[in-house]
Amino acid sequence: MPGRTAVPMSETSKQTLLVASLLLAGLSTPSFGQNPPPAKKLPAGPPAPQSTHYPILILAFGNDPNWSLRIGQKGPERLDRPGYPPIPLEPSEVTHEAADSWTYHAKDSATGAAVAVHLTREACTDAMNDTLPSAQPPTGKYSFRASAEHAQIGSFKGCARIAAELFPKINNQPDPDEDEDPKKKPPAPTITNFKPPVAVAYVNSAGGVVLSRGTAKKIAAQAGTELALSHDGKKLLYTRPDSGPERTIVLYDFDSGKSLDLVHGLVRQAFWSPEDGRIAFLKAMDRSWQAWLFPAGNPESAVSFSPQPVTALHGWIDNHTILATDSLNAYWLSEETLPQAVALNEIYGATFQIMSSDTIRVNPVNSDLLVVSADYLSAPAGAPVDSMGLAAGFFLYELRSKRRSILCPPDQWGRSAEWSRDGLQIFFTGTDSSRRPGIFRIFWDGTGLQRSLSGSNYVVGQ
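Throughout what follows, the structure given in this document is the object of discussion. (Residues numbered from 1 in each chain as written. Predicted model: local features only at pLDDT ≥ 70, side-chain atom pairs only at ≥ 80, totals over all residues. Heavy atoms only, no water.)

1. So, the state of the cysteines
Within this structure, the stated rule accounts for one disulfide. Paired by a disulfide, Cys-124 and Cys-159 hold their sulfur atoms 1.9 Å apart. What sets the handedness of the Cys-124 and Cys-159 disulfide is the S-S torsion sign, and at about -70° it is left-handed. Taken as a pair, Cys-124 in strand β6 (residues 114-126) and Cys-159 in strand β8 (residues 154-162) lie far apart in primary sequence, 35 residues in all. Classification of Cys-124 by relative accessible area gives buried; the value is 2%. Under the relative-accessibility criterion, Cys-159 is labelled buried at 0%. (Disulfide = S-S within 2.5 Å. Helix = DSSP H or I, 4+ residues; strand = E, 2+ residues; numbered from the N terminus. Buried < 20%, exposed > 50% of the residue type's maximum accessible area, 1.4 Å probe, protein only.)

2. As for unusual backbone geometry
With an omega of 0°, the peptide bond running from Asp-64 to Pro-65 counts as cis. Along the chain, the position of Pro-65 falls in the loop between β1 (58-62) and β2 (67-71). A positive phi angle, near 65°, is found at Lys-402, a position not held by glycine. Looking at the secondary structure, you find Lys-402 in the loop between β27 (392-398) and β28 (404-406). On the basis of relative accessibility, which here comes to 46%, the residue Lys-402 falls in the partly exposed class. Of note in this structure, Ser-416 is not a glycine but carries a positive phi near 55°. The topology assignment puts Ser-416 in strand β29 (residues 414-419).

3. Brief notes about the pairing of strand β9 (residues 199-203)
For β9, a buried count of five out of five residues is recorded, marking the element as mostly surrounded by other parts of the structure. Alternating residues of β9 divide into Ala-199, Ala-201 and Val-203 and Val-200 and Tyr-202, and every residue in both groups is buried. Sheet analysis places β9 next to strand β10 (residues 209-213), joined by five bridges and oriented antiparallel. Looking at the pairing, Val-200 lines up with Ser-212 of β10. Count of turn residues in the β9/β10 antiparallel hairpin: five residues, of which Gly-207 carries a positive phi of about 95°. Pairing of β9 with strand β33 (residues 456-460) involves three bridges; the strand directions are antiparallel. Pairing of Val-200 across the sheet is with Val-460, part of β33. (Pairing = 2+ DSSP bridges.)

4. Structural notes on the sheet that holds strand β16 (residues 267-272)
Pairing is antiparallel across the open sheet formed by four strands, whose spatial order is β16-β17-β18-β19. The open sheet has two free edges, formed respectively by β16 and β19 (303-310), since each of these has just one partner strand. Averaged over all pairs of adjacent strands, the angle between their axes in this sheet comes to 25°, without regard to strand direction. Sheet topology places strand β18 (residues 288-295) next to β19; four bridges connect them, and they run antiparallel. Along β19, the bridge assignment pairs Leu-293 with Val-303. (Axes fitted to C-alpha atoms, helices over the stretch in contact; angles between N-to-C directions.)

5. Topic: the pairing of strand β31 (residues 437-443)
Extensive coverage of β31 is indicated by the burial of six of its seven residues. In the sheet, strand β30 (residues 425-431) pairs with β31 via seven bridges, with the strands oriented antiparallel. By the bridge assignment, Gln-425 is partnered in β31 with Phe-443. Alignment of β31 against strand β32 (residues 450-453), held across three bridges, turns out to be antiparallel. Bridged to Arg-441 within β32 is Gln-450. Adjacent in sequence and paired antiparallel, β31 and β32 are bridged by six residues, among which Gly-446 carries a positive phi angle near 90°.

6. Examining the environment of Leu-338
Residue position: Leu-338 is located in the loop between β22 (329-334) and β23 (340-343). Taking the C-alpha atoms as reference points, Leu-338 and Ser-306, separated by 32 residues in sequence, lie 9.8 Å from one another.

7. Here's the deal with the pattern of salt bridges
A complete count under the given rule lists 17 salt bridges for this structure. One salt bridge in this structure joins Arg-403 and Glu-398, with 3.6 Å as the shortest N-O distance. With respect to class, Arg-403 is no different from Glu-398; both count as buried. Three or more residues joined by partner-sharing salt bridges are found here, namely Arg-81, Asp-108, Glu-398 and Arg-403. (Salt bridge = Lys/Arg side-chain N within 4 Å of Asp/Glu carboxyl O.)

8. Quick notes on the sheet that holds strand β15 (residues 259-265)
Here we have four strands laid out as an open sheet, ordered β12-β13-β14-β15, and antiparallel in their pairing. Where the open sheet ends on each side, the last strands, each with one partner, are β12 (225-229) and β15. Each neighbouring strand pair of the sheet contributes to a mean axis angle of 20°, computed without reference to strand direction. Taken together, the three bridges between β12 and strand β13 (residues 235-241) define a ladder with antiparallel strand orientation. Of the residues in β13, the one forming a bridge with Thr-225 is Thr-239.

9. Re the nonpolar core
Among soluble globular proteins, nonpolar side chains are generally buried collectively. One finds Ile-347, Tyr-348, Phe-394 and Ile-426 to be the most contacted residues of the largest nonpolar core, which totals 35 residues. For this core, the elements supplying multiple residues, two or more each, are β22, α2 (344-348), β25 (359-363), β26 (366-376), β27, β29, β30 and β31. With six residues, the top contributor of residues to this core is β26. Beyond its immediate sequence surroundings of up to four residues, Ile-426 is in contact with Val-371, Phe-394, Leu-396, Leu-407, Ala-417, Glu-418, Trp-419, Phe-440, Arg-441 and Ile-442. (Core = buried A, V, L, I, M, F, W, Y, C linked by side-chain atoms within 4.5 Å. Contact = heavy atoms within 4.5 Å.)

Laid out in structure tokens, this is it:
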């Protein structure tokens, strides 16, 4: 460097420098400022799971006809219609058709009928009314357009909204009872607004006819069948067997405790009209049974209601119409129109056999819904049978849709099913697990089964 004097390197320093150079030459060259070597390629993993539907926890609803359908985390869960029991649904696959369009598939748990619910994210306005369940929203605009198709009942159109409040049990923890055998765990009751009957009548275990109002019970007769209780629960009709084929229809008054013979001869099956003003009954005429009637206070003025030959009477539909059957058809006999008929094979299907001892009862708040008591053509596995080897049960039938669903529990023998006045409960003569006969109550959706008391032929007043 300028201004400095160079100092000669000693021999020792030269040797040291040579050794250091040789050591450095044996080391790998540093890679500062260069790209690292490519990483080793691993096998490709499965693609990330994609949601097949959105949203979850929604309520679809509409009118004309009124309906609602719940879609939960797994898919469609329940279809509701005013005047009918709810229909449980079994969710199936979901089709994601477009960015904002889905079709949920399911089946009717009772009948196996296919159900499809189509949901599209678009503005929707639907006018609701007061006949829908309380869970329904008021009139307004909603985020989804919805439609549903039930293979038996038909098509529904409407809107949908997010409804997480209808699904209170939402968590990621398994249900501790989830692994239990569902046959050992009865379904939880879902009917909460039912009204226990105030007045009832039945045949006790000794064969006596009992009329009960509140906590008071009276023996109306030592023997009797075909009970019919007035709507106010104060008067009871029953059939008393007499000598030979003849019978007497008797009126029992709860307040006075007195009985009055009304009509005598080849007569049976008396029923009160809806306003309790008239009484219809069967009378043998020209080697066949026909429907007759008379004012409740004047049995002497009985007249023919219809010349149609029948084998059984099943009660009033309204103030002008009576339901009756023969071995082939069910008849809606009317004072105002010609008789209407529906083939019993259509009602019973291939599961039940037609007998004159069967009973058909019309729901008191929905004349389209029947409960039918009959014997199975073939006893279901595990079902108890009577002394003739017959298994008895009962089912619901919708006249318009022709939907049939068995309501009698599979391990029960069930007969003489009768509606409560609120139309939500069914009382029937059955047997418990010990094969003891008794009167049982079940809700119209198949929940809430319980034994009420010992006896048979249970009928309900108010």
